[in-house]
Amino acid sequence: MAIRHTPTHSTRHTIGIQHVDQILIGARARGADVDALLQRAGISAALLDAPLSRVTQDQFAALIFALRHRLRDELWGLCSQPVPTGSFAQATRLLIRCRTLGEALTLGLRHYRLLLADFVPRLHVQHGEATFALVPRVPLTASVAYAQRAFSFLAYGLVSWLVARRVPLLQVDYPHQDERASDAPALFQAPVRFGAGCTGWRFEARWLELPVVQNEQSLEEFLRQAPASLLVKYRDQTSMTERIRRILRRQLADELPSLEAVGKQLAVTPQTLRRRLAEEGQGYRAIKDDLRRDAAIEYLARPELNLVEIAQRLGFSEASTFHRAFKHWTGVAPGEYRTTRLREH
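Since the structure is predicted, the reported quantities are computational estimates derived from the model, not experimental observations.

Counting its secondary structure elements, the chain contains 17 helices and seven strands. Its C-alpha radius of gyration of 21 Å places the chain within 12% of the 20 Å reference for a compact globule of 345 residues. Overall size of the chain, expressed as C-alpha extent along the three principal axes, is 60 × 50 × 40 Å. Burial analysis of the chain (345 residues in total) assigns 50% to the buried set. Pairs at least 24 apart in sequence give 66% of the contacts found in the chain among residues at least 6 apart. On the chain, roughly 16400 Å² of surface is accessible, and the fraction owed to carbon and sulfur atoms is 52%. If you average the places of the 46 positive and of the 35 negative side-chain charges in the chain, the two averages end up 3 Å apart.

In this section: the packing of helix α11 (residues 240-250) against helix α13 (residues 270-279). At a closest axis distance of 9 Å, the pairing of α11 and α13 adopts a crossing angle of 115 degrees. Counting all contacts with α11, which are made through Met240, Thr241 and Ile244, the residues of α13 involved are Leu273, Arg276 and Leu277. A class-by-class count of the residues in the contact of α11 with α13 yields four nonpolar, one polar and one charged.

On to the packing of aromatic side chains, then. Two descriptors summarise a pair of aromatic rings, namely the distance from one centre to the other and the angle between the planes of the rings. Enumeration according to the criterion identifies 14 aromatic pairs in this entry. Taken together, a centroid distance of 6.1 Å and an interplanar angle of 40 degrees make the contact between Phe88 and Phe222 tilted. Residue Phe88 is found in helix α5 (residues 87-95), and its partner Phe222 is found in helix α9 (residues 216-225); the two are separated by 134 residues along the sequence. Phe222 shares its class with Phe88; the two are buried.

Time to look at the environment of Lys327. Note on placement: Lys327 falls in helix α16 (residues 319-330). Since its relative accessible area comes to 45%, Lys327 is described here as partly exposed. Linking Lys327 and Gly16, residues 311 residues apart in sequence, is a C-alpha distance of 15 Å.

Next up on the list: the side chain of Arg245. With respect to the element layout, Arg245 can be found in helix α11. Beyond its immediate stretch of four places on either side in the chain, Arg245 contacts Thr11, Arg12, His13, Asp290, Leu291 and Asp294.

Right, let's get into the pairing of strand β4 (residues 129-136). The pairing of strand β3 (residues 119-126) with β4 spans eight bridges and is antiparallel. Bridge pairing links Val120 to Val135 in β4. Counting the residues between successive antiparallel strands, the hairpin from β3 to β4 contains two residues, one of them, His127, with a positive phi of roughly 55 degrees. Here six bridges tie β4 to strand β7 (residues 199-204), and the two strands are oriented antiparallel to one another.

Before going further, it helps to examine the sheet that holds strand β6 (residues 192-194). Paired through backbone hydrogen bonds, the strands of a sheet run either parallel or antiparallel to each other. The strand order β3-β4-β7-β5-β6 describes an open sheet built from five strands, whose pairing is mixed. Strand pairing shows two members of the sheet lacking a second neighbour, β3 and β6, which therefore form its edges. Put simply, the sheet's adjacent strands are angled 20 degrees from each other on average, direction ignored. Sheet topology places strand β5 (residues 171-174) next to β6; three bridges connect them, and they run parallel. From the neighbouring strand, Tyr174 faces β6, where its bridge partner is Phe194. Along the sheet, helix α6 (residues 101-113) contacts β3, β4 and β7; its crossing angle with β3, the most-contacted strand, is approximately 155 degrees. In this fold helix α7 (residues 142-163) packs onto β3, β4, β5 and β7, with an angle of close to 25 degrees to the strand it touches most, β7.

What follows concerns the confidence of the model for the chain. Residues of the chain with pLDDT of at least 70 account for 90%, and the chain-wide mean is 87. Segment residues 1-8 is flagged for pLDDT under 50; beyond a separation of four residues in sequence, or across chains, it makes nine contacts in the model.

With that settled, consider the pattern of salt bridges. Scanning the model with the defined rule gives 13 salt bridges in all. Linking Arg99 and Glu103 is a salt bridge whose minimum nitrogen-to-oxygen distance equals 3.4 Å. Judged by its relative accessible area of 55%, Arg99 is exposed. Looking at Glu103, the relative accessible area reads 34%, which means it is partly exposed. Asp294 is the salt-bridge partner of Arg293, the closest N and O atoms lying 3.0 Å from each other. Note on accessibility: Arg293 and Asp294 belong to one class, buried. A single network of salt bridges, built from pairs that share partners, joins Arg245, Asp290, Arg293 and Asp294.

On to α7, then. The end-to-end C-alpha distance of α7, which contains 22 residues, comes to 32 Å, matching closely the 32 Å that a straight helix rising 1.5 Å per residue would cover. Ala164 lies just past α7 and shows a positive phi near 60 degrees.

The next subject is the environment of Gly197. With respect to the helices and strands, Gly197 occurs in the loop between β6 and β7. Spatially, the C-alpha atom of Gly197 lies 18 Å from that of Ala117, the residues being 80 residues apart in sequence.

The rules behind these values
- All residue numbers refer to positions counted from 1 along the written sequence of the respective chain.
- Totals for whole chains, interfaces and linings use every residue, but because this is a predicted model, local features are given only for residues with pLDDT of at least 70 and side-chain atom pairs only at 80 or more, for both listing and counting.
- Remark: hydrogens and water are excluded; side-chain values derive from all non-hydrogen atoms of the structure.
- Counting from the N terminus, the helices are the DSSP runs of H or I reaching at least four residues and the strands are the DSSP runs of E reaching at least two.
- Atoms counted for the radius of gyration: C-alpha only. Globule rule: 2.2 Å times residue count to the power 0.38.
- Here the term buried applies to any residue with accessible area under 20% of the maximum for its type, exposed to any over 50%, and partly exposed to those in between, with areas from a 1.4 Å probe on protein chains only.
- It only takes one pair of heavy atoms within 4.5 Å for two residues to be counted as in contact.
- Surface accessibility follows the Shrake-Rupley procedure with a 1.4 Å probe radius. Residue values consider only the protein chains on display as shielding.
- When charges are tallied, Lys and Arg are placed among the positive residues and Asp and Glu among the negative ones, while His and the ends of the chain are skipped.
- To locate a charge, the coordinates of NZ of Lys, CZ of Arg, CG of Asp or CD of Glu are taken.
- Note on definitions: angles span 0 to 180 degrees between N-to-C directions of axes, and those axes are lines fitted to C-alpha atoms, for helices only across the stretch in contact.
- Basically, the charged four are Asp, Glu, Lys and Arg, the nonpolar ten are Ala, Val, Leu, Ile, Met, Phe, Trp, Tyr, Cys and Pro, and anything else, Gly included, counts as polar.
- Between 30 and 60 degrees the pair is tilted, below 30 it is stacked and above 60 it is edge-to-face, where a pair is any two Phe, Tyr or Trp rings, Trp via its six-membered ring, whose centres lie within 6.5 Å.
- By this definition, two strands are paired if DSSP reports at least two bridges between them.
- In predicted models, pLDDT denotes the confidence assigned by the predictor to each residue on a 0 to 100 scale.
- Whenever a carboxyl oxygen of Asp or Glu lies within 4 Å of a side-chain nitrogen of Lys or Arg, that contact is scored as a salt bridge.
- Any helix carries an expected span of 1.5 Å times its number of residues minus one.

Structural data, given as structure tokens:
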């Protein structure tokens with residue numbers, strides 16, 4: 001059934017192909033049929049050769065499900081020992097019985113310390129700050145490094161779900177500078193420090209007193225949607241980046257407004273707007289390009305729309321201009337992207 005287009009539709013953020021490449025490291029090492037896994041997720045293997053290409057959240061979540069089912073491992077073969085399937089569900093059932101977030105985090109990390117062989121999750125509280133850290137037990141290979149980043153991000157998503165709000169982070173720590181981790185500020189919506197001793201994140205310790213508000217009823221729905229529900233569910237919708245993105249989405253088919261015009265709508269001066277965006281690691285042009293790119297990927301999955309219609313919905317007067325822009329954004333021509341995407345379905 002065709003999806004009706006409305007100007008208030010919210011375009012979801014897409015995911016860089018580097019995450020697809022990295023999450024497949026364990027499957028490749030174990031001799032799994034990677035092409036078949038990608039096909040189950042609706043991802044064309046050809047996109048792996050286009051380093052700028054991206055996939056939808058639904059595609060990435062489907063790949064996680066396929067890997068978990070094929071490898072019987074909730075960390076997708078990235079570590080030296082598998083995390084048995086059902087471990088996450090068991091943990092969440094324990095955590096919803098806790099009174100506060102602090103109790104839940106302590107119990108959850110104790111649960112995973114019994115399951116993880118390559119790193120140890122710990123919680124430290126000192127001087128009014130709480131630190132979630134993954135202390136390595138083995139040398140940091142590419143697969144273990146990605147396992148740590150994924151575990152750290154999913155743990156943050158679980159923390160936010162337990163208290164039904166995004167817990168604001170003071171800082172995210174990564175041991176090494178890695179261009180593949182360049183989207184970390186957007187994922188965590190916090191500054192990232194590279195060169196730290198271990199992977200993790202810090203927040204004000206007072207948030208540990210937040211009550212756990214989830215229960216058995218909400219848990220079942222959560223488990224049906226996980227891990228997709230953890231990807232961006234608690235993205236800060238009040239951030240300047242997200243507010244601008246919503247304004248632009250409503251006007252995507254037209255000429256997008258200038259930064260000054262957006263500032264007027266938000267009752268913010270251009271200077272303040274630029275400063276706020278800089279603090280979030282964003283620029284106005286990048287927000288416009290990213291939104292158009294994400295919307296284009298969304299539209300290309302809809303076979304009832306031809307390329308001319310998609311170009312018009314994105315505010316391009318000519319299909320050829322859209323073609324050049326999409327190839328610049330993703331490294332792949334829109335027709336090629338559409339053909340491979342729809343063929344995988």
